Amino acid sequence: MSRPGTATPALALVLLAVTMAGVGAQGAALEDPDYYGQEIWSQEPYYTRPEPEPETFSPPLPAGPGEEWEPRPQEPRAPKRATKPKKAPKREKSAPEPPPPGCPPLGLETLKITDFQLHASTVKRYGLGAHRGRLNIQAGINENDFYDGAWCAGRNDLQQWIEVDARRLTRFTGVITQGRNSLWLSDWVTSYKVMVSNDSHTWVTVKNGSGDMIFEGNSEKEIPVLNELPVPMVARYIRINPRSWFDNGSICMRMEILGCPLPDPNNYYHRRNEMTTTDDLDFKHHNYKEMRQLMKVVNEMCPNITRIYNIGKSHQGLKLYAVEISDHPGEHEVGEPEFHYIAGAHGNEVLGRELLLLLVQFLCQEYLAWNARIVHLVEETRIHILPSLNPDGYEKAYEGGSELGGWSLGRWTHDGIDINNNFPDLNTLLWEAEDQQNGPRKVPNHYIAIPEWFLSENATVAAETRAVIAWMEKIPFVLGGNLQGGELVVAYPYDLVRSPWKTQEHTPTPDDHVFRWLAYSYASTHRLMTDARRRVCHTEEFQKEEGTVNGASWHTVAGSLNDFSYLHTNCFELSIYVGCDKYPHESQLPEEWENNRESLIVFMEQVHRGIKGLVRDSHGKGIPNAIISVEGVNHDIRTANDGDYWRLLNPGEYAVTAKAEGFTASTKNCMVGYDMGATRCDFTLSKTNMARIREIMEKFGKQPISLPARRLKLRGRKRRQRG
């Protein structure tokens, strides 16, 4: 095993070059030397505009805070705005000016703003209270009295309002609104006023010249609409007062507020809830070019433990890049388990993508710093990280931006396929075979073959899906996690209900106890998943199972990655929903990293739980595709090409059997302890007598005698003699 050398200068200095390095055209190959010499220039964020000094009122306040500007990618799709600012003079392309500062969201969508900070004039019912007036909040199918899809006023008149208490003086710069999330109703606000206050009693309305400014609202219920204030307003409270709404609907809205909190060291509430990180990482959103550049920087920093490769291409031809982290990158070491993280199957679920890019940086940094835990993990595990499985969808979401993309922009591939449920449905094949008790069993309990129709060129299968299947068939993964967004929970298989016509039903695998432990290992080390005090993201309460859920008991999905991985390969796969906000503002990335960092590491370490070993013949040669069975668990695994295997199990004593075609089966009792580290359980198989006879006869160019066939031949000869 190799060892890390002395720590090089901080990775952040190199990563700073990534931020300052440039953005080129998509699709350039990673190996292209010209790409890495190109200049990357910082683009203007979608809510950044030239701003006058913030307007202040009773009591007079200083003209502006001293917050630093955080660069954000330019949004080609301009959002709707009530007022059009005067066009700035054209700039020469050779000397672009840096964009002025902009303010991030306060955090209604991320739940940073608590329910106690939201108030309204009236509400239609509890499920439509002010606490539901958050951008992108989902109502679900039921739309019940507890969880509905917006704030809705109790009456439709001009005296209705919804209010946010920032709990400190804030420079408000804009408002983003949506209509009500509902499958059955159409409710949205078409225009509104904005008011601010320092005490929630005396209000000042945002003006447009001498009169109150009327902001243009929504024209449908899902697409977010941004309105920037003509002059930033400094206050503690901000209130939205609807002035008109959809003719056939009611006053209902979801919203987000853009604002910069003013420095206030005496504000105990802010200091208590402020999250910081000591990790020196590149906390920003990375487009396709920047993602590849970051991978290259990490590879140059840690060349001895990293390798960049691609598993295929997207529908649009973008390469699906992965980073391998191992002490011997590029090769499978006998006895060393393989692990993977995947993110971005839904292109608009961006948080998982950025968490994996941060994880790559972190592992490199800590390995160079001789962090014993990370060094051991890297030297004993072959780790594969695929941060963007759906880069085509991500580019669409990236254009919309973190607040203006809505709930689904960029979710699907370019050809409109949801990768998450685009895998072959092997569950039904298995269950139908199990239900035919009287008939011959033609389907094994593992390594179920992919149906021929799925492999045809005419099948509706995404290029990204085919690439993942080939990747998982090539590498003997033991454990994997696919990072998703929009919730805070870890989902384990099965994801498809077994009972017909049901949409929700607990459907466990034979390894249910192992999957529960794996899910809990992530959830319990996350800062928020198992916190009983936290607010639900949308409609689901997952605290009964400590932040975990069986996929089928949540919502049934046929052809999921989790189920396919379990039934077609050795890999135990789980879906990890890492945050309520699918696409958080980059100012939230440090906090999200702190929420998930320990969980990401702990989950990787679980690949070393259970038993492992080699299955060899009497000459010491590894036997590939040998079947490993555990008594009492109706799910087998197989050995890799070198005869090594890994079987995830909870602590306990197990009767384990190894068998292979042409060999006599062997059974051992294997004990799994509570300490981290898989128990070694090797097998040596001897060939059967028939296999030896075949081997000898084939050696001398003769075919072995088939006794049953010879008996039939003799019987036929006797019949002919009698006749």
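Bear in mind that the values here come from a model prediction, so they are computed numbers and not experimental data. (Residues numbered from 1 in each chain as written. Predicted model: local features only at pLDDT ≥ 70, side-chain atom pairs only at ≥ 80, totals over all residues. Heavy atoms only, no water.)

This brings us to the sheet that holds strand β12 (residues 319–325). Taken in spatial order, the eight strands line up as β11-β12-β14-β13-β15-β18-β16-β17 in an open sheet, and their pairing is mixed. Each of the sheet's edge strands pairs with one partner strand only, and the pair in question is β11 (306–313) and β17 (548–550). Within the sheet, the average angular offset between the axes of one strand and its neighbour, ignoring direction, is 25°. Taken together, the three bridges between strand β16 (residues 487–492) and β17 define a ladder with parallel strand orientation. Opposite Ala 491, over in β17, you have Val 549 as the bridge partner. Along the sheet, helix α10 (residues 512–523) makes contact with β13 (338–343), β15 (477–484), β16, β17 and β18 (572–579), crossing β18 at roughly 30°. Packed onto the sheet, helix α13 (residues 589–605) meets β13, β14 (382–386), β15 and β18 and runs at close to 150° relative to β13. (Pairing = 2+ DSSP bridges. Helix = DSSP H or I, 4+ residues; strand = E, 2+ residues; numbered from the N terminus. Axes fitted to C-alpha atoms, helices over the stretch in contact; angles between N-to-C directions. Contact = heavy atoms within 4.5 Å.)

Where strand β20 (residues 627–630) lies against strand β21 (residues 633–638), three bridges are found, and the strand directions are antiparallel. Bridging from a neighbouring strand, Ile 628 pairs with Ile 637 of β21. Connecting the antiparallel pair β20 and β21 is a turn made up of two residues, with Gly 632 showing a positive phi of about 90°.

Attention shifts here to the packing of helix α9 (residues 463–474) against helix α12 (residues 561–568). Contact geometry for α9 and α12: axes closest at 11 Å, N-to-C directions at 35°. Note on packing geometry: the crossing formed by α9 with α12 is right-handed. On α12, the residues touching Val 468, Ile 469, Met 472 and Glu 473 of α9 are Leu 561, Phe 564, Ser 565 and His 568. Considering only residue class, the contact of α9 with α12 consists of five nonpolar, two polar and one charged. (Left-handed = near helix turned anticlockwise from the far one by under 90°. Nonpolar A, V, L, I, M, F, W, Y, C, P; charged D, E, K, R; others polar.)

What follows is about empty space enclosed by the protein. Across all of its chains, the model carries eight cavities of 30 Å³ or more by this definition. Roughly 110 Å³ of internal volume is contained in the second largest cavity. In terms of lining residues, the second largest cavity is bounded by 15 residues, among which Asn 348, Ser 402, Gly 405, Gly 406 and Tyr 583 are the most central. (1 Å grid on protein atoms, 1.4 Å probe; cavity = no way out; pocket = protein on both sides within 12 Å on 5 of 7 lines; lining within 4 Å. Points joined across faces, edges and corners; volume = space filled by probe spheres on them.)

Turning our attention to helix α7 (residues 427–435). It helps to recall that an α-helix has 3.6 residues per turn; residues three or four apart then point in one direction. Burial in α7 covers these residues: Asn 427, Leu 430, Trp 431 and Ala 433. Around the axis of α7, the buried residues are gathered within 160° of arc, so they sit on the same side. Against the buried residues of α7 lie α12. (Buried < 20%, exposed > 50% of the residue type's maximum accessible area, 1.4 Å probe, protein only. Arc of directions from axis to C-beta.)

Attention now goes to the pattern of salt bridges. Where charged atoms from two side chains of opposite charge come close, those side chains can pair. Using the criterion set out here, one finds 32 salt bridges in the structure. For Asp 115, the salt bridge goes to Arg 134, with nearest N and O atoms at 2.7 Å. Of this pair, Asp 115 sits in the loop between α1 (11–20) and β1 (118–120) while Arg 134 sits in the loop between β1 and β2 (151–152), and the two are 19 residues apart along the sequence. Assessed through its relative accessible area of 2%, Arg 134 is described here as buried. Lys 207 serves as the salt-bridge partner of Asp 212, at 2.6 Å between the closest nitrogen and oxygen. The exposure class assigned to Asp 212 is partly exposed, which follows from its relative accessible area of 33%. In this structure, a network of salt bridges that share partners links the residues Arg 125, Asp 148, Arg 180 and Asp 187. (Salt bridge = Lys/Arg side-chain N within 4 Å of Asp/Glu carboxyl O.)

With that out of the way, let us pick up the packing of helix α5 (residues 372–380) against α13. The contact between α5 and α13 brings their axes to 11 Å, and the two run at 40°. Classified by the interaxial angle, the pair formed by α5 and α13 is oblique. Relative to α13, α5 is oriented so that their crossing is left-handed. Mapping the contact onto sequence places Arg 373, Ile 374 and Leu 377 in α5 and Glu 598, Ile 601, Val 602, Met 604 and Glu 605 in α13. Across the contact of α5 with α13, the residue classes break down as five nonpolar, no polar and three charged. (Parallel < 35°, antiparallel > 145°, perpendicular 65-115°, else oblique.)

Our focus in this paragraph is the confidence of the model for the chain. Predicted coordinates in regions of low pLDDT should not be interpreted in detail. On average, the chain scores 85 in pLDDT, and the residues at 70 or more come to 82%. A low-confidence stretch, residues 5–100 (pLDDT under 50), is modelled with 198 contacts involving residues beyond four sequence positions or located in other chains. (pLDDT = per-residue confidence, 0-100.)

Each strand in a sheet pairs with another by means of backbone hydrogen bonds, the pair being arranged parallel or else antiparallel. Taken in spatial order, the four strands line up as β21-β20-β23-β24 in an open sheet, and their pairing is antiparallel. Where the open sheet ends on each side, the last strands, each with one partner, are β21 and β24 (666–672). Strand-to-strand, the axes of this sheet are offset by a mean angle of 30°, without reference to chain direction.

For the rest of this paragraph, the subject is the state of the cysteines. Summed over the entire model, instances satisfying the criterion amount to five disulfides. Between Cys 537 and Cys 580 runs a disulfide, and the two sulfur atoms are separated by 1.9 Å. Where Cys 537 bonds to Cys 580 through sulfur, the torsion about that S-S bond is close to -60°, and the disulfide is left-handed. Of this pair, Cys 537 sits in the loop between α10 and β17 while Cys 580 is found in the loop between β18 and α13, placing the two residues 43 residues apart along the sequence. At a sulfur-sulfur separation of 1.8 Å, the disulfide partner of Cys 670 is Cys 681. In this pair, Cys 670 is assigned in strand β24 and Cys 681 in the loop between β25 (679–680) and β26 (683–685), connecting sequence segments 11 residues apart. Ordinal numbering of bonded cysteines along the chain defines a disulfide pattern of 1-4, 2-3, 5-6, 7-8, 9-10. (Disulfide = S-S within 2.5 Å.)

Let us now look at the side chain of Ser 565. Mapped onto the secondary structure, Ser 565 falls in helix α12. For Ser 565, a relative accessible area of 0% translates into the label buried. Beyond its immediate sequence surroundings of up to four residues, Ser 565 is in contact with Met 472, Asn 570, Cys 571 and Glu 573.

The terminal C-alpha atoms of α13 lie 24 Å apart, and with 17 residues this matches the ideal 24 Å at 1.5 Å per residue to within 8%. Most of α13 is tucked away, with 14 of its 17 residues classed as buried. (Expected span 1.5 Å × (residues − 1).)

This brings us to the pairing of strand β10 (residues 252–261). By the criterion of burial, β10 is predominantly enclosed, with nine of the 10 residues buried. In this structure, strand β3 (residues 162–178) lies alongside β10, joined through eight bridges in antiparallel fashion. Bridge pairing links Thr 170 to Pro 261 in β10.

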